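# Secondary and tertiary structure notes
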Number of protein chains: 2
Amino acid sequence: MDAITSQSKDFAQWYTDVVTKSGLAAYSNVKGCIYIPPYGTALWENMRAEMDKRIKETGHSNVTFPLLIPESMLQREKDHIAGFAPEVAWVTHGGSEKLAERLCIRPTSEVLFCDYFRDNVHSYRDLPKLYNQWANIVRWEKSTRPFLRTTEFFWQEGHTLHETEAEARAEVLNILNNVYADFAENELAMPVIKGQKTESEKFAGAVDTYCIEAMMADGKALQAGTSHYLGTGFTRAFDISFTGRDGREANPHYTSWGVSTRLIGGIIMVHGDDRGMVMPPRVAPTQVVIVPIQMNKTGVLDAANGLAASLKKIARTHIDVTDNTPGWKYSEWEMKGVPLRIEIGPRDIENGTVVVVRRDNGEKAVVKQSDLGTEIPKMLDAVHNGLYERAKNRMESMIFPVKTYKEMLDIAENKPGFIRAEWCGAGACEDKLKKDSGVTSRAIIDGGTDKCAICGAKAKHLVIWGKSY
Amino acid sequence: MDAITSQSKDFAQWYTDVVTKSGLAAYSNVKGCIYIPPYGTALWENMRAEMDKRIKETGHSNVTFPLLIPESMLQREKDHIAGFAPEVAWVTHGGSEKLAERLCIRPTSEVLFCDYFRDNVHSYRDLPKLYNQWANIVRWEKSTRPFLRTTEFFWQEGHTLHETEAEARAEVLNILNNVYADFAENELAMPVIKGQKTESEKFAGAVDTYCIEAMMADGKALQAGTSHYLGTGFTRAFDISFTGRDGREANPHYTSWGVSTRLIGGIIMVHGDDRGMVMPPRVAPTQVVIVPIQMNKTGVLDAANGLAASLKKIARTHIDVTDNTPGWKYSEWEMKGVPLRIEIGPRDIENGTVVVVRRDNGEKAVVKQSDLGTEIPKMLDAVHNGLYERAKNRMESMIFPVKTYKEMLDIAENKPGFIRAEWCGAGACEDKLKKDSGVTSRAIIDGGTDKCAICGAKAKHLVIWGKSY
């Protein structure tokens, strides 16, 4: 097993090492696309199941819409096509025949949902429409990295139509706060900042874009999910209208929102360390790994297998009975980030105990075998809470409030992390900062009370700024 | 609600009516692609969950591989490319740039799995590889029909590598018999014929293809799933080799197998009737629908809601509280094929009973409310068994054993159903029959003992023949 590059030496190489050596992804011979082997796919399946549950519990139904979009359909909403045209993959031939009209592989599905909604929304009784789909998406990216930015990626995309702006806006914020932020914090142990995107960072075709942003271990930001209020721009462009309670025709208000396999990159960079991946327990493919000690001694393997069978009822448990040494196994499962390791050898069997080791902090505990049924769930929760607290403390200690542009540039250059500073709302100030420092606005988190840190004019917003993935 | 065309009047139109009116699919403006709304997607999700469970229980792990295949990668296995080249969609541009090499959207993923396996199989210790993926597939079809043949469809594709031919062949038959046929019969209530494809009908690149074939209500065949022994053709073409137990290098033996959203078309055409869809209970999105009678009378709605809340614990239950008439609701839910309808009105409430109506045969039963917890699961099983028996009896009564070519053509022209006849194994006989009657070989089900019904030469095989979707 080759060593993993340390975070302090080369964070980018550390990331690649963790991704590939832990079995989360492998590079493919297809430009910008990855193979996601069993370990990575199992993680995504667990994340997907938990997210899907939340989406359904909030009243949404899953649908399955096409992969391909005719060029003329994509062009119907002008801001949208302008934003996405440079990054779509075009299908021009079917078999040996040239197509009469090019089709793009969906870079997002607003136009397909609108095309469907047009024929299915006529009256206020048909509203709200609360749809979601799990889908693969293709965007022609120039530089790619596993999970963070890939040509093909996997996501859920919610698409909803509402009678009123107020109802649509409530949906957008409900998804942001009660689905996305809740999921990130309670399943992934990933603290997030909730806020609104500035004009320059919002989705192509949106009135307002809201987001959750997470801080990676290197202090950079990862946009972890977005929720858009799309107004009536799309529904007007697609002639979707309904007869309201007052008998008048109106265009419904549209929202869309998504999280993707990008979150896997987030988990790696929030929780991982120099020994490899650290899996948040609630979505970990394997929550407990059992390593038998002195496996050849009579009774050890039987006892370990018996333990595995009983633990499988309460946690996703794997027993490692390969002929590698215990030390090798410890490194292997630490690299894969399994939250709890159980060691069981002849002495433990004699004493009716096992040793349980936490992946997040290395703490060892001797636990009675008869207590494991209650202790393992508690310890998994403890790992979850430990990871969340560590990430939250790090994030809070790395958000720097500033008043002046000089301070802003100083921090941008010398301190990894986020900057909290007020802003006048002018795109020119964002452009200037980006050009001078590479820092961009991540999220508007409140109103302004003072002066813009960049130009000194009256501030409209309090903003979190940072370098981003 | 418009009426559904009757099966006897126009089976094809009946199919389209059921698909669209029951909410299983809607036509899209994308060539050959469909929108699958909530009802159709919920059905597929239930089918997928049950199939996924079987695939995992037989030791397979899910993976997630790319959508796109570089042309040079597709071309490495010659039979495979010859079979698929005429029906792939080609991506030629990313954004505004022409690609240096065309990419096709996967029409199946053998070459991608081989590309991955090459770097991950070195020793017999790395075998078997038992992988599966749930994916969307694109094949450029000339004439399309919802679910049965669509440009984009959804499937699972298993891909496994083995040390020996015997082990690979055992895998192929295990999937056919214990996963696919078991799933079709025990989840979908769809009897199937298991057999082997002839040379002309097998998968491009396979040594042998096995299949399950189902008989639709119109007597035509639907290929419902295939399982291929691919030998070492792909692994040699992709330079996949391993050091065996004897220290020698060898190419692993490859299998692949798949079932798709086509099965939804099969369910519709096996179970549906002139009132619409009939859902097999174990995968039905809604298993029980409650229709309150005289909903405005005091206590009815409360009682019906209470009943719904308790039934939700044992079955997927929906309560229809719209202001449509009970008669309208009956038609609506019959069209959607919900297996059991519960009617509850003032008299039922007084008597502590409900009326339960079976969708498959219209039977009504008065059931004590206190017995529903045990009766509903029994009645769902009864519907499942009823559907299975009806389909099995129909299929058996519509398989015609023949000895001569004259009989064969007579049945092909005059009787819907399958023909059972011996065959010499020559492609020329298959071609002749197809040209004369439109009938093709569906499955080799046994060895031959007599003469080929077509040419009179010594028979090698007993074959099921039929017209197919």
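Our structure's up above, just so we're on the same page.
Below, the structure is looked at part by part.

Scoring rules and cut-offs
Residues numbered from 1 in each chain as written. Chains lettered and ligands numbered in written order. Predicted model: local features only at pLDDT ≥ 70, side-chain atom pairs only at ≥ 80, totals over all residues. Heavy atoms only, no water. Contact = heavy atoms within 4.5 Å. Buried area = accessible area lost by both parts, 1.4 Å probe. Salt bridge = Lys/Arg side-chain N within 4 Å of Asp/Glu carboxyl O. Polar contact = N/O pair within 3.5 Å; in protein donor to acceptor, adjacent residues only side chain to side chain. Helix = DSSP H or I, 4+ residues; strand = E, 2+ residues; numbered from the N terminus. Pairing = 2+ DSSP bridges. Buried < 20%, exposed > 50% of the residue type's maximum accessible area, 1.4 Å probe, protein only. Axes fitted to C-alpha atoms, helices over the stretch in contact; angles between N-to-C directions. Left-handed = near helix turned anticlockwise from the far one by under 90°. Nonpolar A, V, L, I, M, F, W, Y, C, P; charged D, E, K, R; others polar. Least-squares fit on C-alpha atoms with pLDDT ≥ 70 in both.

Bringing the interface of chain A and chain B into the picture now. Counting residues at the interface gives 51 residues for chain A and 51 residues for chain B. When chain A packs against chain B, the two sides together hide about 4000 Å² of surface, and 61% of this comes from carbon and sulfur. When the buried area of chain A at its contact with chain B is split by residue, Tyr35(A), Thr64(A) and Trp140(A) rank highest and sum to 16% of it. For Glu45(B), the salt bridge identified is with Lys56(A), shortest N-O distance 2.9 Å. If you look at where chain A meets chain B, you find 24 residue pairs in polar contact (both at pLDDT 80 or more). Top contributing element to the side of chain A that touches chain B by residue count: strand β5 (residues 89-94) of chain A, with six residues. Alignment of β5(A) against strand β5 (residues 89-94) of chain B, held across five bridges, turns out to be antiparallel. Bridge pairing in β5(B) places Val91(A) opposite Val91(B).

Moving on, we come to the pattern of salt bridges. Residues and elements named next belong to chain A. With the rule as written, the count across this model stands at 58 salt bridges over all chains. Between Arg275 and Glu334 there is a salt bridge, with its nearest N and O atoms 3.3 Å apart. Pair noted here: Arg275 is in the loop between α8 (262-271) and β15 (288-292) and Glu334 is in helix α10 (residues 326-336), with a separation of 59 residues, a long-range link. Look at Arg275 and you get partly exposed, because its relative accessible area is 38%.

Attention shifts here to the side chain of Arg341(B). Residue and element names in this part refer to chain B. Among the structural elements, Arg341 can be located in strand β17 (residues 340-344). Of note is the side chain of Arg341, whose polar atom sits 3.1 Å from the side chain of Glu334. A polar contact of 2.8 Å, which involves the side chain of Arg341, links it to the side chain of Glu343. Aside from chain neighbours lying at most four places away, what touches Arg341 is Val289, Val291, Tyr330, Glu334, Val355, Val356 and Val357.

On to the packing of helix α2 (residues 38-57) of chain B against helix α6 (residues 165-186) of chain B. Geometrically, a packed helix pair is captured by the angle between its two axes and the distance between the axes. All names here are of chain B. Contact pair α2 / α6: the axes reach a minimum separation of 10 Å and the direction vectors enclose 145°. For α2 against α6, the interelement crossing comes out right-handed. Of α6, the residues touching α2 (which contributes Met47, Glu50, Met51, Arg54 and Ile55) are Val179, Tyr180, Asp182, Phe183 and Asn186. When its residues are assigned to classes, the contact of α2 with α6 shows six nonpolar, one polar and three charged.

With that settled, the discussion passes to the relation of the copies chain A and chain B. Superposition record for chain A on chain B: RMSD 0.0 Å, screw rotation 180°, translation along axis 0.0 Å. The transformation relating the two chain copies, once decomposed into turn and shift, fits a two-fold axis. Looking at the rotation axis and the C-alpha trace of chain A, the residue lying nearest is Val91(A), at 2.1 Å. Same-surface contact between copies: 100% of interface residues of chain A are shared with the interface of chain B.

For the rest of this paragraph, the subject is the pairing of strand β11 (residues 221-231) of chain A. Residues and elements named next belong to chain A. Taking burial as the measure, the 11 residues of β11 include 10 buried ones, the bulk of the element. In this structure, strand β10 (residues 208-215) lies alongside β11, joined through eight bridges in antiparallel fashion. Paired with Ala214 across the strands is Leu222, a residue of β11. Counted along the chain from β10 to the antiparallel partner β11, the turn is five residues long, and its residue Gly219 has a positive phi close to 85°. Across five bridges, β11 lies against strand β14 (residues 253-260) in antiparallel orientation. Considered in β14, the bridge of His228 is made with Ser256.

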